[in-house]
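# Understanding the architecture of this molecule
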Amino acid sequence: MVDMIADYYEALPDQPRVSPDVQPGFLRGAVPPRAPEQPESFDAVMADVRDKLMPGVVHWQSPSFFAYFPSNYSFPAALADMWSSVLGMVGFSWAAGPVSTELEMAMMDWMADLCGLPQAFKCNGGGGPGGGVIQGTTSEAVVVALLAARARSLAGRPPADKLKLVAYSSDQAHSCFKKACMIVGIDHVRLLPASPQHDWALQPQALQAAIEADVAAGLIPCFVMATIGTTSSCAVDPVAQLAAAAAGSGAWFHVDAAYAGSAALLPEQRHHFCGLEAVDSYSFNPHKWLLTNFDCCCLWVADSAPLKEALSLTPVFLRAAGNSLDYKDWQIPLGRRFRSLKLYFLLRMYGAEFIRAYLRHHIALAAAFAQRVDADPRFELAAPQRFGLVCFRLRDVPREVNAALLAQLNAGGRLFLIHTELAGAYTLRLAVGSASTQLQHVTAAWEAVAAAADVVLEAHAETGQGKEGAKAVAGSAA
Ligand SMILES: *Cc1c(COP(=O)(O)O)cnc(C)c1O
């Protein structure tokens, strides 16, 4: 299997399709309807992987994968995952996994220093008050932060006040913000408009006005979430000013830097990360851009007391003496994987210098693509290029023409992009971030975009400038 994996990885650039040409239900009938009673040979299972499963794989590690945000992989982190799987240790408490608890604290401190985060986020050997914890995903980290926020807001208040709690973010925030509010039961959710005039960054005045209106109406500001690197366009909310606007309201302030947080390793990108000294919690996903195969989300808090207040519950069989830190009190599930090992292997085997060069390389590739877009008068950049993301579209055409452009690009399967909506406009997104992406792949992507533009613009011109014509183009390309 190791040989198969090595062959797969080597052949990734030559995969005929990055995203497969399959329909829902494609696997039904291909796998047996019931689990076998008797063991089957390893070779038979591997043959199924090759013949039945691989055709349904989206090749996220392909150098021509430009969709979503990357979720890249590395050899060191994959090796660490093997140890983690084989040890099968479930380190919910210090006693259940002393090494996983201690290594996690050490790795969260290493990572905090590499990213230039405030000292208040350091684990201090479990002595508090702050510290870091590895969650599975940002979605979980936001739920956890919101639970801590709710516990802190409700301290000393009647329980009925939980109906008055308000959470704030921008309309560019990831959907996990709204989902966290649904899960935690926050009834008042404010998605404040962020505008193109400010590059889709939330403005402090908007936050302040919303908070004041809610306080005047007798509601209780509970949670503010800012984003560094929004999913649509990599907008950066002004954290320091937003924190100042929320100061005094009593609301917990969380910063979601799921994708862009990796860029904090680069001193020249640190200006995007100003103001973290003033926030309660901060999270980012090494499992996106930082070579740590899924899943790994780093969450730091300046004060862990509200978190533990919200999440501690110790049944008798889990009681143990002399615990320094029990990570079960910092997360939703009881059980947890030994994920810090991935960061340890990665940082030991590659070193920070290599990882910084690697991140810079991706940012330079995105800049190269943005330059090509900018130099072609048919196109416009829909947002400033930030980190590894480029948002672009054909200018002065109906939205159907841009939809046709994306359909035309993805139809061949040689590369994979997705779109977003910015101020109601259909916008294509190219996210650089696979470990093997090089200039040649980005150049080829631009050439594919330019060629697809020839096709859809010609069809658009032929069928007239009207909406109907453009719809026909979108239909035929899809
Ligand atoms: C990807 C992303 C998320 C969701 O991350 P998960 O780890 O999959 O939950 C949240 N916020 C931002 C800004 C993202 O880019």
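Residues numbered from 1 in each chain as written. Predicted model: local features only at pLDDT ≥ 70, side-chain atom pairs only at ≥ 80, totals over all residues. Heavy atoms only, no water.

As a matter of local geometry, the ligand sits amid 14 residues, with Thr138, Ser139, Asp256, Asn285 and Lys288 nearest to it. In the environment of the ligand, an oxygen atom lies 2.9 Å from a nitrogen or oxygen atom belonging to the side chain of Asn285. A total of 390 Å² of accessible area belongs to the ligand in isolation, and the protein chains cover 87% of it. Those elements that place two or more of their residues in the shell around the ligand are helix 5 (138-154) and helix 9 (286-289). The class makeup of the residues in the shell around the ligand is 3 nonpolar, 9 polar and 2 charged. (Near = heavy atom within 4 Å. Polar contact = N/O pair within 3.5 Å; in protein donor to acceptor, adjacent residues only side chain to side chain. Areas by Shrake-Rupley, 256 points an atom, 1.4 Å probe, with all protein chains shown as cover. Helix = DSSP H or I, 4+ residues; strand = E, 2+ residues; numbered from the N terminus. Nonpolar A, V, L, I, M, F, W, Y, C, P; charged D, E, K, R; others polar.)

A few words on the sheet that holds strand 11 (residues 425-431). Here we have 4 strands laid out as an open sheet, ordered 8-9-11-10, and antiparallel in their pairing. This sheet does not close on itself; its edge strands, each paired only once, are strand 8 (379-381) and strand 10 (418-422). Each adjacent strand pair in this sheet contributes to an overall mean axis angle of 40°, direction not counted. Inspection of the sheet shows strand 9 (residues 389-394) paired to strand 11 by 4 bridges, in the antiparallel sense. The residue of strand 11 that forms the bridge with Leu389 is Ala431. Contacting strand 8, strand 9, strand 10 and strand 11, helix 12 (residues 399-411) crosses the sheet at an angle of about 30° to strand 11. Strand contacts of helix 13 (residues 439-462): strand 8, strand 9 and strand 11, with the helix running at about 20° to strand 9, the strand carrying the most contacts. (Pairing = 2+ DSSP bridges. Axes fitted to C-alpha atoms, helices over the stretch in contact; angles between N-to-C directions. Contact = heavy atoms within 4.5 Å.)

Mapped onto the elements of the fold, Asp237 is located in the loop between strand 4 (220-227) and helix 8 (239-246). For the pair Asp237 and Ala226, spaced 11 residues apart in sequence, the C-alpha to C-alpha distance is 5.9 Å. Not counting residues within four places of it along the chain, the set of residues in contact with Asp237 comprises Trp200, Ala201, Leu202, Ala226, Thr227 and Leu242.

Glancing now at the side chain of Ser19. Mapped onto the elements of the fold, Ser19 is located in the loop between helix 1 (2-11) and helix 2 (42-53). With residues up to four places along the chain from it excluded, the contact list for Ser19 reads Gly413 and Phe416.

It is worth spelling out the domain arrangement of the protein at this point. Frequently, the measure chosen for interface size is the accessible area that the parts lose on association. Entries for the protein in the domain assignment read domain 1 (89-337) and domain 2 (352-477). For domain 1 versus domain 2, the distance between C-alpha centres works out to 33 Å. Between domain 1 and domain 2, the residue contacts involve 25 residues of the former and 24 residues of the latter. When domain 1 packs against domain 2, the two sides together hide about 2000 Å² of surface, and 67% of this comes from carbon and sulfur. (Domains from an automatic or database assignment. Buried area = accessible area lost by both parts, 1.4 Å probe.)

What follows covers the pattern of salt bridges. Per the counting criterion, the structure on display carries 18 salt bridges. In this structure, Asp81 engages Arg337 in a salt bridge whose closest nitrogen and oxygen atoms are separated by 2.6 Å. Taken together, the positions of Asp81 in helix 3 (residues 75-87) and Arg337 in the loop between helix 10 (305-311) and helix 11 (340-375) put the pair 256 residues apart, joining distant regions of the chain. A relative accessible area of 17% means that Asp81 is categorised as buried. One salt bridge in this structure joins Lys164 and Asp161, with 3.2 Å as the shortest N-O distance. For Lys164, a relative accessible area of 35% corresponds to the partly exposed category. Residue classification places Asp161 among the buried positions, given a relative accessible area of 8%. Residues participating in the shared-partner salt-bridge network are Arg157, Asp161 and Lys164. (Salt bridge = Lys/Arg side-chain N within 4 Å of Asp/Glu carboxyl O. Buried < 20%, exposed > 50% of the residue type's maximum accessible area, 1.4 Å probe, protein only.)

Quick look at the sheet that holds strand 4 now. In a beta sheet, neighbouring strands pair by backbone hydrogen bonds and run either parallel or antiparallel. Read across the sheet, 7 strands follow the order 1-7-6-5-4-2-3 without closing on themselves; strand pairing throughout is mixed. For this open sheet the edge positions go to strand 1 (131-135) and strand 3 (188-192), each flanked by a neighbour on one side alone. Each adjacent strand pair in this sheet contributes to an overall mean axis angle of 20°, direction not counted. Pairing of strand 1 with strand 7 (residues 297-301), which is carried by 5 bridges, proceeds in the antiparallel orientation. Bridge pairing in strand 7 links Val133 to Leu299. Of the strands in this sheet, strand 1, strand 6 (281-284) and strand 7 are in contact with helix 4 (residues 98-114), which crosses strand 7 at around 85°. Helix 5 rests against strand 1, strand 2 (165-170), strand 4, strand 5 (252-256), strand 6 and strand 7 of the sheet, and its axis sits at about 155° to strand 4.

Once that is clear, we can look at the environment of Ala112. If you trace the backbone, Ala112 turns up in helix 4. Along the sequence, Ala112 and Gly132 sit 20 residues apart, while their C-alpha atoms lie 8.6 Å from each other. If we skip the residues at most four places from it in the chain, Ala112 touches Leu117, Lys122 and Trp300.

What follows concerns the packing of helix 5 against helix 6 (residues 175-184). What describes two packed helices is the angle between their axes and the distance between those same axes. One way to put it is that helix 5 packs onto helix 6 with a least axis distance of 9 Å and a crossing angle of 50°. One finds that helix 5 runs oblique with respect to helix 6. Here helix 5 runs over helix 6; the crossing is right-handed. In this structure, helix 5 contributes Thr138, Ser139, Val142, Val143, Leu146, Leu147 and Arg150 to the contact, and helix 6 contributes Cys176, Phe177, Ala180, Cys181, Ile183 and Val184. Of the residues assigned to the contact of helix 5 with helix 6, the class counts are 10 nonpolar, 2 polar and 1 charged. (Parallel < 35°, antiparallel > 145°, perpendicular 65-115°, else oblique. Left-handed = near helix turned anticlockwise from the far one by under 90°.)

In terms of nonpolar packing, the biggest core is built from 105 residues, with Met111, Leu207, Phe223, Phe253, Tyr282, Phe284 and Trp300 touching the most fellow members. It is helix 5 that provides the largest number of residues to this core, a total of 10 residues. One finds Leu365, Phe369, Leu417 and Ala450 within the second-largest nonpolar core, a separate group that totals 30 residues. (Core = buried A, V, L, I, M, F, W, Y, C linked by side-chain atoms within 4.5 Å.)

Okay, helix 11 next. Side chains of residues three or four places apart in an α-helix project in the same direction, reflecting 3.6 residues per turn. Between its terminal C-alpha atoms helix 11 stretches only 44 Å, short of the 52 Å expected from 36 residues at 1.5 Å a residue. Of all the bends in helix 11, the greatest, near 85°, is centred on Gly351. (Expected span 1.5 Å × (residues − 1). Bend = angle between axes of the 7 residues up to and from the residue.)

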